[in-house]
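This is what each chain is made of:
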4 protein chains.
Amino acid sequence: MLNRVILIGRLGQDPELRHTNSGVPVCTFSIAVDRPQSSQQRQSGAQKITDWFTIVVWQKQAENAARYLAKGRLVAVDGRLQSRSWTDQQSGQKRTAIEVVAETVRFLERSEQSGQPGDQAPAGGGFSYGQEISFPDGENPDDLPF
Amino acid sequence: MLNRVILIGRLGQDPELRHTNSGVPVCTFSIAVDRPQSSQQRQSGAQKITDWFTIVVWQKQAENAARYLAKGRLVAVDGRLQSRSWTDQQSGQKRTAIEVVAETVRFLERSEQSGQPGDQAPAGGGFSYGQEISFPDGENPDDLPF
Amino acid sequence: MLNRVILIGRLGQDPELRHTNSGVPVCTFSIAVDRPQSSQQRQSGAQKITDWFTIVVWQKQAENAARYLAKGRLVAVDGRLQSRSWTDQQSGQKRTAIEVVAETVRFLERSEQSGQPGDQAPAGGGFSYGQEISFPDGENPDDLPF
Amino acid sequence: MLNRVILIGRLGQDPELRHTNSGVPVCTFSIAVDRPQSSQQRQSGAQKITDWFTIVVWQKQAENAARYLAKGRLVAVDGRLQSRSWTDQQSGQKRTAIEVVAETVRFLERSEQSGQPGDQAPAGGGFSYGQEISFPDGENPDDLPF
DNA sequence: TTTT
DNA sequence: TTTT
């Protein structure tokens, strides 16, 4: 009934852009979120614990994420948790994945440079540091293409 | 760096209480969270989609959750997302589970009656409708006992 | 850049429905949110502390809130914080109010009965317990009518 | 019963550190949070709308905030909303302020340099970019010293 | 009152 | 798999 997730973390890899059968863009990437350590833990040299989450964005912000985000970038994600179940073909076991479907993705660092040749911010400053990628879809008639 | 999840949903089964090797109580349960449907979807008779999430609570609130919650109860959970990875013994595959470690669990319905014989709210009203279960642990030296 | 608020509380009064000059419905109500008390505080008979917040909902959910909510009802609100400044006519002082603009409002209790004569849930179950009021506006060209 | 706020914004001024009568450190600062604009609004040259919020942090993180934050810095705040009422001495009117009591404050930008002479990060890297300020108090026996 |  |  209520379902809200907010995360700040860094992309572990460049984002991946796909399209549903009907052509709707979907972008996925994973982010690393460090678990808070007490100063005691830090001082004792305890190893840092990192949680990894899969983020899914749709439509326009999918395209923007694919264009402007890259491995290592820091982002803030505001969205909802979603569970997806399927039967593993190999083992016949039922498995479940949990992903964060982002409503908004905020870039928390200026991308000094495009990670890929040809990647350019639109003229006129259409896309810049700290800007909201756009707005969520919320209702996607199509299944995820993966 | 920032990791926050808020969910409202209903328990799919009675909660399970376990203890770590060092005796720390941990309670787990899963909740069903209905995905919002547009009124159009509702009217068209589209089937309701439900996401299932595993909730983990520690220490005192673990004991309280085990005592006062039961299948079907409505709760609000405020916590953080956590990923846990392991290698499946069967297939040798690496797998990951994502759980919500609750800081607070709120009961949103009066429990008309205890689900288990012997379950009683403490005298003096120590535990009542809409009350916070207690406070989070945040730093659990022990691994999950499962 | 990121702005998210989630509250669960009870209406202090019946909601008020107004309309902007261009006819857009806006509903406001205030909710009481109890501050968590430690069991120690409770046992020591410390008086309960309650925070009061103003909730603003727009458009369709404004109408629904006005129709189905009433003093005393328990709701979950997911939205964003907003500050509004004006100059007090009396004193000439600049003042600021902070409100929660709700994206979604969830009814956490079945409304056993309408609070007002004539208030009826639409036939066909269009509006029921635990349902999302509708979806947010997000962009309101008109100022608040108060 | 549930009360959660997450904000990302920039400090409008340097933070202020005070102490309660019993010596507990409290730090306050205000942050500017830009309201999202559609690209249409941006292109039409609509003026940016900014909401201002007061953040309150206690104890250790109060000291850290006072030491490491400064006007203009970008922070993520995770906390709870609080209302505070008092009677204005001038007018005799009852007034209310709403503040965000931060549980955690994250610095989202490297502070290239201390804003104040004498401000130095502790040797040994005790306090660095992207680190959590510390943990909240939650129960402050003393009133705010202002 | 901030910043890009 | 990230980053400081």
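Refer to the structure printed above.
Residues numbered from 1 in each chain as written. Chains lettered and ligands numbered in written order. Predicted model: local features only at pLDDT ≥ 70, side-chain atom pairs only at ≥ 80, totals over all residues. Heavy atoms only, no water.

Draft legend 1. Spatial organisation of the overall build of chain A. Looking only at helices and strands, chain A features two helices and six strands. Ordered by position from N to C terminus, the α and β elements of chain A give β-β-β-α-β-α-β-β. A burial count over chain A gives 49% of its 146 residues as buried. The long-range share in chain A, meaning contacts at least 24 apart out of those at least 6 apart in sequence, stands at 67%. About 7,300 Å² of surface is accessible on chain A, with carbon and sulfur atoms providing 43% of the total. (Helix = DSSP H or I, 4+ residues; strand = E, 2+ residues; numbered from the N terminus. Buried < 20%, exposed > 50% of the residue type's maximum accessible area, 1.4 Å probe, protein only. Contact = heavy atoms within 4.5 Å. Areas by Shrake-Rupley, 256 points an atom, 1.4 Å probe, with all protein chains shown as cover.)

Draft legend 2. Fine view of the interface of chain C and chain D. Between chain C and chain D, the residue contacts involve 27 residues of the former and 28 residues of the latter. Across the interface of chain C and chain D, roughly 2,600 Å² is buried in total on both sides, 52% from carbon and sulfur atoms. The tally of links from chain C across to chain D stands at zero salt bridges. Put simply, chain C and chain D have 12 residue pairs in polar contact (both at pLDDT 80 or more) between them. Of all elements in the fold, only strand 1 (2-11), strand 3 (25-34), strand 4 (50-58), strand 5 (74-87) and strand 6 (94-107) of chain C reach the threshold of two or more residues within the side of chain C that touches chain D. Class assignment for the residues of the side of chain C that touches chain D results in 13 nonpolar, six polar and eight charged. (Buried area = accessible area lost by both parts, 1.4 Å probe. Salt bridge = Lys/Arg side-chain N within 4 Å of Asp/Glu carboxyl O. Polar contact = N/O pair within 3.5 Å; in protein donor to acceptor, adjacent residues only side chain to side chain. Nonpolar A, V, L, I, M, F, W, Y, C, P; charged D, E, K, R; others polar.)

Draft legend 3. Examining the pairing of strand 1 (residues 2-11) of chain B more closely. With nine of 10 residues buried, strand 1 of chain B is to be regarded as a mostly interior element. With seven bridges connecting them, strand 1 (residues 2-11) of chain A and strand 1 of chain B associate as antiparallel partners. Note on strand 1 of chain B: the bridge partner recorded for V5 of chain A is V5 of chain B. Pairing analysis gives six bridges linking strand 1 of chain B to strand 5 (residues 74-87) of chain B, with the strands arranged antiparallel. Note that in strand 5 of chain B the partner of R10 of chain B across the bridge is L74 of chain B. Bridge count between strand 1 of chain B and strand 3 (residues 25-34) of chain B: two bridges; the pairing is antiparallel. Opposite R10 of chain B, over in strand 3 of chain B, you have A32 of chain B as the bridge partner. (Pairing = 2+ DSSP bridges.)

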